[in-house]
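A closer look at the structure
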Amino acid sequence: MGPRREPEDYSVVPQASADCDLERVTLTPAEAFLLSRVDGRTSWSLLRELGGMAAEEVDACLRRLAEEGIVILETPKAEEPPPRAAATAHEPAPRPAGPGRLSQRPDDPRLDPSLDIPVAAQREVLAFEAGLDRPYHEILGVAPDAGLPELRRAYFSLSKEFHPDRYFRRELGPFAERIQRVFRRIAEAFELLSDPSARKEMERSAEAAPAAGPAAPRLRGRSTPHAFSLLARIGRERRRKARQYFELGQTSIAEERWVEAAQQLRLAVACDPANPDFKEPFAEATEHANRLLSDRYIKEADASYELGEYAAAYKRYVDALHRRPFQVEANHRAARLAWRIEGDLKAAKEYAARACEVEPDVAIHRKTLGQVYAAAGLYKNAQRELEQAVKLDPRDEEAKLELKTTRRMARRTPLGGC
Amino acid sequence: MGHVIGIDLGTTNSCVAIVENGQPTVIPNAGGYKTTPSMFAVSDDGKRLVGHLAKRQAITNCTSTVYGVKRLIGRRFDSEEVQKTAELVPYEVIRGSNDDARLQLADKTFTCPEIAAIILREMKRVAQEYVGEPVDEAVVTVPAYFNDTQRQCTKDAGKIAGLEILRIINEPTAAALAYGFGRSEEETIAIYDLGGGTFDISILSMGDGVVEVLSTNGNTFLGGEDFDRRVVDHLNAWFLDNEAIDLRGDAMAMQRLKDAAEKAKCDLSSRDVTEINLPFIATDERGPRHLNVEMTRDTLESLSHDLVSQSLKTCEACMRDAKVTPDQVDRVILVGGQTRMPFLQTAVAEFFGKRPHKGVNPDEVVAVGAALQAQALTADQKDLLLLDVTPLSLGIATFGGRFAKLIERNTTVPVRRSHIFTTTRDDQRDVKVRVLQGESDVAAENDLLGEFVLSGIKPAPKGDPEIEVAFDIDANGIVNVSARDNATGLEQSITVNAASTLSDEEIQRIIEENPPDAIALKV
């Protein structure tokens, strides 16, 4: 420790330096603890009042940290505004390194005036990059509870500065990758903070692991930049949730509550898509659930159909087929309804074709498919299907008549051309 | 630095714009038109025609006149889209050597990028005549749903046309850039783009010169041509009822009907009733027959209202993706000629609960946006920034033929995402990473972009190894995929080149066969 300096200015707000290499130095637990309290907002005098350390010890630790270049004890000059201008509505979270800090030493070996990006901008990029591990709201420079308009304003403002398109086709050397990294992090911060459910999960996991909470500064070298990455924690949280849903689903399967089981297992798969254990039970429960629901829908659809409520019947057939696509009768009815009632020939063709695919030798299915093709102006296809229909049921006069017209049309140039 | 232009390469019409002294200008062609038909023809005497010239002779030379090539570009010959289009067009669509769709005109086969290149070169020529200097760089727009192959084919077309394509951007996004130019308000906007062949909807957020895409959606088979086809069918049915003649077998009559239908549709945007008069459209034992009928706006609406509802269903899906409700949309902008239809405007207004914005020209706005993006990329002064998204989800095939998405569609680029995967067998030594693009959960239903093997994994019980697969997309949309065994640090990676339907040699051959002056066409 150097000779005692007089007098100490305890009103100074110590700042963590942006790009000191923490692996280079060895800190005592006391120094590390104190460093973890240095957040760019707490003044020296407040740090002395913190519980757990004697004031003299605080002074000694801070001086050591300052000597190592880990903490900066200078009073910011009045004409230098807080570095981040993204959000002005509230007290901005300080950038880890502002003007006059370590990264701005003219001899910073990473600065390269020969590049196609101004040295001042290089400094900005380096300074921002050094703080990429900060909590997301600090990256955007907004309050932890900032609303969507404020988030977006900050995001747009930072994007203008750090989006790679700003330097389109310029020679950037290593800064090309740096700018990508900075922008990706900014976009990630905005994406997660603007998504209410992601935000809730982050808050929950922050409570569970207070050491990495939003206000705590990072004690970590460059080698493990994302050790506490919130994304990783969200991943763990999701996998835990997936396991819970999975267990619920297993119970439901055991009790043969299939619809419920399918829903729970779907959530499990959604939370952890890569888990191979979920696949089989999910498929099994879905299969059962689909069968149950599909049967119910078809009953409802048949009832509507008998009552002449064709639009409602069609809707239910579609629902049923969505659950189980290969039901012949439902496909056939859906095809006729799609064609006659909805005028949706694309859907009609799909249903009719599927009915034929499952039971290829039913005349009436072939006839419907043929009629749908004819309605769509696809006469060659129509002719093929109607020929089949007539072959299968030579007594069907309607099909014969239809085939005759279609043959005539099929010989001509298709519609819609010149 | 030379001039950079923006080109809207449309299904039916194309348009070119440039930014001069900070102001975007749409460049008219030699005939004074601000849009040029995306048509190409080989005449009987072997002359090549493009644009208005090609359109004018389409009636008499329909089998050698190409339109709507955008529906075919970058698609497999066997795909539903190509088959459907082939049934509707009079020219011949054939299978190419790479299973792509190609066109047979008279005795020559053309690839789709070649035809697109002819249109692009025409637009380039229009621009060069206007600025009086060579133009060799452009931003070109494509529909939002175009996949990587279709985008790559569009880039190839640029190469053949002697244009370096700085960036491919989505049409609705370009429209938003044009709308956002010179505005600083914070707004959420919807771009409803119903063009000749396709429908696109995009929700965007803008403010302070930044445009952020929230979501996009679309329908490849919904466009102004579908409205025309309804009118053609209607006219033909009317003629059949009154004259007992079915015109569908008569190619020339159908082309006249098609032209008349398009004109009637446009007329009915400003009038309640229009007359369709096609003398001598057919002849039979009674002598020449004429088609002369009045059509009202009501008739047109009842023929086509379901097409409008279809588009609104797509809008709903898009709003869901953007997590935006109709009342949160501050402004609705209509793009594409078909949006001039009053009934459509009313329906859209009802859906969003507000009158659509009238301040942009629906035919030109996309080209203007492309020119603004070209300017924003190349100029020193950056006052416009587009935060674009990846249009389709990206991921890898996993055990059991499933598709694990690492980057969801509509994610802002550049982006990097990683996920931990593992082995499925004890002591498994290598894994195959198959990179896919698409929305289906079933791996086989998505497009394969590339694959590689990571070997030398440390022997371990199944499920133990941690293999980190990372996807990286840069601002130009180039995708890099890496896989890393966390136990050994072994890593393997590829840069995914979207599959084109043309090889580099083929592109070179086409360029050599068609030197610039051979394609340069007089109007």
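Residues numbered from 1 in each chain as written. Chains lettered and ligands numbered in written order. Predicted model: local features only at pLDDT ≥ 70, side-chain atom pairs only at ≥ 80, totals over all residues.

**Focus on the overall build of chain A**
Scanning chain A from terminus to terminus reveals 17 helices and two strands. For chain A, the residues scored as buried account for 37% of the 418 residues in total. Across chain A, every contact between residues at least 6 apart in sequence was considered, and the portion connecting residues at least 24 apart equals 60%. (Helix = DSSP H or I, 4+ residues; strand = E, 2+ residues; numbered from the N terminus. Buried ≥ 20, exposed ≤ 12 C-beta atoms within 10 Å, placed from the backbone. Contact = placed C-beta atoms within 7 Å.)

**Digging into the overall build of chain B**
Summing up its helical and strand segments, chain B has twelve helices and 29 strands in all. In chain B, which comprises 523 residues, the proportion classed as buried is 50%. Counting contacts in chain B only where the partners sit at least 6 residues apart, residues at least 24 apart contribute 66% of the total.

**As for the packing of helix α11 (residues 279-307) of chain A against helix α12 (residues 310-323) of chain A**
Residue and element names in this part refer to chain A. Contact geometry for α11 and α12: axes closest at 8 Å, N-to-C directions at 165°. It follows from the interaxial angle that α11 and α12 lie roughly antiparallel. For the pair α11 and α12, the sense of crossing is left-handed. Packed against α11, whose contacting residues are N290, L293, S294, Y297, I298, E300, A301, S304 and Y305, the element α12 presents Y310, A312, A313, R316, Y317, D319, A320 and R323 at the interface. When grouped by side-chain class, the residues that make up the contact of α11 with α12 number ten nonpolar, three polar and four charged. (Axes fitted to C-alpha atoms, helices over the stretch in contact; angles between N-to-C directions. Parallel < 35°, antiparallel > 145°, perpendicular 65-115°, else oblique. Left-handed = near helix turned anticlockwise from the far one by under 90°. Nonpolar A, V, L, I, M, F, W, Y, C, P; charged D, E, K, R; others polar.)

**Observations concerning helix α10 (residues 258-271) of chain A**
The end-to-end C-alpha distance of α10 of chain A is 20 Å, a good match for the 20 Å that 14 residues give at a rise of 1.5 Å each. Regarding α10 of chain A, the residues found buried are W258, A261, A262, Q264, L265, A268, V269 and C271 of chain A. (Expected span 1.5 Å × (residues − 1).)

**Details of the sheet that holds strand β9 (residues 101-105) of chain B**
Residue and element names in this part refer to chain B. One open sheet holds the three strands; their spatial order is β8-β9-β10, and the pairing between them is antiparallel. Across the chains shown, the open sheet's two edge strands, defined by having one partner strand only, are β8 (92-95) and β10 (108-111). On average, each strand axis in the sheet is tilted by 40° relative to the strand beside it, whichever way the strands run. Along the sheet, helix α3 (residues 112-131) contacts β9 and β10; its crossing angle with β10, the most-contacted strand, is approximately 80°. (Pairing = 2+ DSSP bridges.)

**Looking at the environment of R95 of chain B**
Here R95 of chain B shows up in strand β8. Judged by C-beta crowding, with 13 C-beta atoms within 10 Å, R95 of chain B ranks as partly exposed.

**Some words on the interface of chain A and chain B**
The interface is formed by 30 residues belonging to chain A together with 38 residues belonging to chain B. Elements represented by at least two residues in the side of chain A that touches chain B include exactly α6 (148-162) and α7 (175-193) of chain A. Examining the composition of the side of chain A that touches chain B, we find that seven residues originate from one element, α6 of chain A, more than from any other. A class-by-class count of the residues in the side of chain A that touches chain B yields 14 nonpolar, eight polar and eight charged.

**Remarks on unusual backbone geometry**
Residues and elements named next belong to chain B. Look at the link from V413 to P414: it is a cis peptide, with omega at 0°. With respect to the helices and strands, P414 occurs in the loop between β23 (411-412) and β24 (415-421). Not every positive phi belongs to a glycine, and F280 is a case in point at roughly 55°. For F280, the position within the fold is in strand β16 (residues 273-284). Assessed through the 12 C-beta atoms surrounding it within 10 Å, F280 is described here as exposed.

**Digging into the confidence of the model for chain A**
Residues and elements named next belong to chain A. On average, residues of chain A score 77 in pLDDT, and 78% of them reach the 70 mark or higher. pLDDT under 50 marks residues 1-6. Its contacts with residues more than four places away, or in other chains, come to three contacts. In the predicted structure, residues 76-105 sits below a pLDDT of 50 and forms 59 contacts with residues beyond four places in sequence or in another chain. (pLDDT = per-residue confidence, 0-100.)

**Let's talk about the pairing of strand β17 (residues 287-296) of chain B**
Residues and elements named next belong to chain B. Two strands pair when backbone bridges link them, and β16 and β17 are joined in this way by nine bridges, in the antiparallel orientation. For L278, the partnering residue across the bridge sits in β17 and is L291. The turn joining β16 and β17, which pair antiparallel and follow one another in sequence, is formed by two residues.

**Description of the nonpolar core**
Membership of the largest hydrophobic core comes to 178 residues, with the highest contact counts inside it found for L140 of chain A together with I5 and A370 of chain B. Among the nonpolar cores identified, the runner-up in size contains 32 residues, and I298, Y351, C356 and L378 of chain A belong to it. (Core = buried A, V, L, I, M, F, W, Y, C linked by C-beta atoms within 7 Å.)

**Overview of the sheet that holds strand β29 (residues 491-496) of chain B**
Residue and element names in this part refer to chain B. Taking strand neighbours across the sheet as the criterion, the four strands line up as β24-β27-β28-β29 in an open arrangement whose pairing is antiparallel. Where the open sheet ends on each side, the last strands, each with one partner, are β24 and β29. Within the sheet, the average angular offset between the axes of one strand and its neighbour, ignoring direction, is 15°. Across seven bridges, β24 lies against strand β27 (residues 467-473) in antiparallel orientation. In the strand pairing of β27, H419 is matched with V469.

**Some remarks on helix α4 (residues 119-130) of chain A**
All names here are of chain A. Compared with the 16 Å implied by 1.5 Å per residue over twelve residues, the 16 Å span of α4 between its first and last C-alpha is a close match. Listing the buried residues of α4 in full gives Q122, V125, L126, A127, F128, E129 and A130. Buried residues along α4 sit in contact with α6 and α7.

**Quick word on the pairing of strand β13 (residues 187-194) of chain B**
Residue and element names in this part refer to chain B. Of all eight residues in β13, six are buried, a share of seventy percent or more. Across eight bridges, the pairing between β13 and strand β14 (residues 199-207) is antiparallel. Counterpart to I189 in the pairing with β14 is L204. Hairpin geometry of β13 and β14 is characterised by an intervening segment of four residues between the two adjacent antiparallel strands. Judged from the five bridges that link them, β13 and strand β18 (residues 331-335) form a sheet pairing that is parallel. Bridge assignment links Y192 to a residue of β18, and that residue is L334.

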